[in-house]
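Examining the three-dimensional arrangement
Read off the chains here:
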Amino acid sequence: MIPKKIEEAFNRQIKHELESAYLYLSMAAYFDEAGFPGMARWMRAQVQEELTHAMRFFKHILERGGEVKLQPLSVLGEKWDSPQAAFEAAYEHEKFITGTIHELVKLAQNEGDFASNSLLQWFVDEQIEEEESTLKIAQDLKLVGGDGRGILMLDRELGQRTFVLPPELAAFYAQGTGANP
Ligand SMILES: [Fe+2]
Ligand SMILES: [Fe+2]
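About the thresholds
Numbers given to residues run from 1 along each chain, matching the order in which its sequence is written. Numbering of ligands from 1 and lettering of chains from A proceed in the order in which they are written. Side-chain atom pairs in this predicted model are given and counted only at pLDDT of 80 or more, local residue features only at pLDDT of at least 70, and totals for whole chains, interfaces and linings cover all residues. The basis for every side-chain value is the complete set of heavy atoms in the structure, and neither hydrogens nor water enter the calculation. Coordination here is defined by N, O and S atoms within 2.8 Å of the metal (3.2 Å for Na, K and Ca), and since water is not considered, a site can look incomplete. For the purposes of this entry, the term helix denotes a DSSP run of H or I that reaches at least four residues, the term strand denotes a run of E that reaches at least two, and both are numbered from the N terminus. Like-charged residues are merged into a patch within 9 Å and nonpolar side chains (Val, Leu, Ile, Met, Phe, Trp, Tyr) within 5 Å, provided each residue has over 30% relative accessible area and no salt bridge. Using a 1.4 Å probe, accessible areas were evaluated by the Shrake-Rupley method; residue-level cover was limited to the displayed protein chains. The rule for a salt bridge is simple: a side-chain nitrogen of Lys or Arg has to be within 4 Å of a carboxyl oxygen of Asp or Glu. Burial here depends on accessible area, computed with a 1.4 Å probe over protein chains only, as a share of the maximum for the residue type. Under 20% is buried, over 50% is exposed, and the range in between is partly exposed. Geometry is assigned from donor-metal-donor angles: four donors are tetrahedral when every angle falls between 85 and 135 degrees, four are square planar and six octahedral when opposite donors sit over 155 degrees apart with all other angles between 65 and 115, and any other arrangement is irregular. Any helix carries an expected span of 1.5 Å times its number of residues minus one.

Bringing the coordination of the iron ion (ligand 1) into the picture now. Octahedral six-donor coordination of a metal ideally yields angles of 90 or 180 degrees, compared with 109.5 degrees for tetrahedral four-donor coordination. The protein atoms donating to the iron ion (ligand 1) are Glu17 (OE), Glu50 (OE) and His53 (ND1), with metal-donor distances spanning 2.1 to 2.2 Å. Here the donor residues of the iron ion (ligand 1) share one chain and are spaced in sequence as E-x32-E-x2-H. Note that Glu17 is positioned in helix H1 (residues 4-34) and Glu50 in helix H2 (residues 37-63), a separation of 33 residues in sequence.

Here we take up a nonpolar patch on the surface. Side chains of Tyr22, Leu25, Leu73 and Val75 sit close together on the surface and give an oily, nonpolar patch of about 380 Å² of accessible area. Residue position: Leu73 is located in the loop between H2 and helix H3 (83-110). Judged by its relative accessible area of 33%, Leu73 is partly exposed.

Another aspect to go through is the coordination of the iron ion (ligand 2). Around the iron ion (ligand 2), the protein contributes the donor atoms Glu49 (OE), Glu126 (OE), Glu129 (OE) and Glu130 (OE), at 1.9 to 2.6 Å from the metal centre. Its 4 donor atoms give the iron ion (ligand 2) angles of 77 to 157 degrees at the centre, a pattern that matches the irregular case. All donors of the iron ion (ligand 2) belong to a single chain; written as a sequence motif, their spacing is E-x76-E-x2-E-E. Note that Glu49 is positioned in helix H2 and Glu126 in helix H4 (residues 114-144), a separation of 77 residues in sequence. Across this residue pair, the class does not change: Glu49 and Glu126 are buried.

With 31 residues, H1 ought to run about 45 Å at 1.5 Å a step, and its terminal C-alpha atoms sit 45 Å apart, in line with that. Among the residues trailing H1, Gly35 stands out with phi positive, at a value near 85 degrees.

Everything listed is a geometric property; what it means functionally is a separate question.
Have a look at this one:
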């Protein structure tokens, strides 16, 4: 059985991950409107990834007999002045998410909840990647500055990104926890 405190904190984290999806969805719209289809595609892939982050917590709560309580999202939809500003905002947001994951690790360890701690270690590693990728793109955009050709090349490169649903989540989407056949 999942400890009550962890259940509450994981429900809050589902909200944070869905807020991430919501933020990146508004960035995807901004990039399409501003004429950067590659960056829009990169962000649409990121939206799908954030949904899987939420689903990892969702699945964990259910598998351990807890209750999923979805909460209203804080509105994050907005517009940005430039692609660089958008990716800088994405990087700032990921730093915030890293902080929330680290708080969850402390909580799981205080509660002696080894199962949650194990799930969270995946997120600790994932946040390194999330911060690194958004920071790298923000820095590349800063480097090319106002050079239209440079931005175009970067847009093409980012448009190569594809999203693959991790097998463990594909199985959960298809079959649920398997607890109630
Ligand atoms: Fe995330
Ligand atoms: Fe990622």
